[in-house]
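Spelled out from the first residue to the last, the chains are:
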Amino acid sequence: MNELSILDALLNAACASDCTPRTQYNLPNTDVLQKDDSYEIFMELPGRDENDVELSIKDNVLTVKSVQKAENTESKAETKWLLRERKTLQFSRSFTLPKDCDCENVSAEFKNGILKITLKRKAESQARKITIQAA
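Residues numbered from 1 in each chain as written. Predicted model: local features only at pLDDT ≥ 70, side-chain atom pairs only at ≥ 80, totals over all residues. Heavy atoms only, no water.

**Description of the environment of Ile114**
Okay, step 1: Checked against the element boundaries, Ile114 lands in strand S7 (residues 114-121).
Okay, step 2: Given a relative accessible area of 30%, Ile114 falls into the partly exposed group.
Okay, step 3: Spatially, the C-alpha atom of Ile114 lies 9.9 Å from that of Ile41, the residues being 73 residues apart in sequence. (Helix = DSSP H or I, 4+ residues; strand = E, 2+ residues; numbered from the N terminus. Buried < 20%, exposed > 50% of the residue type's maximum accessible area, 1.4 Å probe, protein only.)

**Some points on the pattern of salt bridges**
Okay, step 1: Under the counting rule described, the total for this entry stands at three salt bridges.
Okay, step 2: Taking the shortest distance from any N to any O, the salt bridge between Lys35 and Glu40 comes out at 3.2 Å.
Okay, step 3: Salt-bridge contacts for Lys116 lead to Glu40; the nearest nitrogen and oxygen are separated by 3.8 Å. Remark: Glu40 occurs in strand S2 (residues 38-44) and Lys116 occurs in strand S7; sequence separation between them is 76 residues.
Okay, step 4: Of the residues examined, Glu40 reaches a relative accessible area of 7% and is grouped as buried.
Okay, step 5: Overlapping salt bridges, with partners in common, bring together Lys35, Glu40 and Lys116 in one network. (Salt bridge = Lys/Arg side-chain N within 4 Å of Asp/Glu carboxyl O.)

**Notes on the side chain of Thr118**
Okay, step 1: Structurally, Thr118 is set in strand S7.
Okay, step 2: Its relative accessible area of 12% is what places Thr118 among the buried residues.
Okay, step 3: Those residues in contact with Thr118 that lie beyond four places of it in its chain are Ser38, Tyr39, Glu40, Asn105, Val106 and Ser107. (Contact = heavy atoms within 4.5 Å.)

**Overview of the sheet that holds strand S3 (residues 53-58)**
Okay, step 1: With respect to topology, three strands assemble into an open sheet ordered S3-S4-S5, the strand pairing being antiparallel. With one partner strand each, in any of the chains shown, S3 and strand S5 (89-96) form the two edges of the open sheet. Ignoring which end each strand starts from, the neighbouring axes of this sheet average 15° apart.
Okay, step 2: For strand S4 (residues 61-68) and S5, the ladder comprises eight bridges, and the chain directions are antiparallel. Along S5, the bridge assignment pairs Val61 with Thr96. (Pairing = 2+ DSSP bridges. Axes fitted to C-alpha atoms, helices over the stretch in contact; angles between N-to-C directions.)

**Considering the nonpolar core**
One broad trend across soluble globular proteins is that nonpolar side chains are buried collectively.
Okay, step 1: Ranked by size, the top nonpolar core spans 15 residues in total, and within it Met43, Leu45, Leu62, Val64, Leu115, Ile117 and Leu119 carry the most contacts.
Okay, step 2: At the level of secondary structure, the elements contributing two or more residues to this core comprise S2, S4, S5, strand S6 (101-111) and S7.
Okay, step 3: Excluding its chain neighbours within four sequence positions, the residues that come into contact with Ile117 are Tyr39, Glu40, Ile41, Leu55, Leu62, Val64, Val106, Ser107 and Ala108. (Core = buried A, V, L, I, M, F, W, Y, C linked by side-chain atoms within 4.5 Å.)

Such coordinate-based values are descriptive only and should not be taken to indicate function.
Right, here's the structure in full:
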């Protein structure tokens, strides 16, 4: 397990004990992929677009926030809501990034309700052999 998945598991476990079931559904489904040169995070955000999402990195923590308001349908005298569950939906989800993540080299794209965040990895420092000179 990498640091992203460990933190995410801890946050989800804490939320499971403290949150109501309806609140839990506000967290988007997320996949994290580790490649040789990058990490990729995929979030399902149906019905949202790039203007509904805010990304930030501070102290090696990536935070994804979103607020989506339900459509404002004006009430008319002849209109009566029978069921109204679509309200303002918001979430904030944070990931502690691995030490080899290059926080200055991040890109994001939004396509078909999926947010893809690409975080480049720093080149790993290679161990080098040090020659000992005879005195």
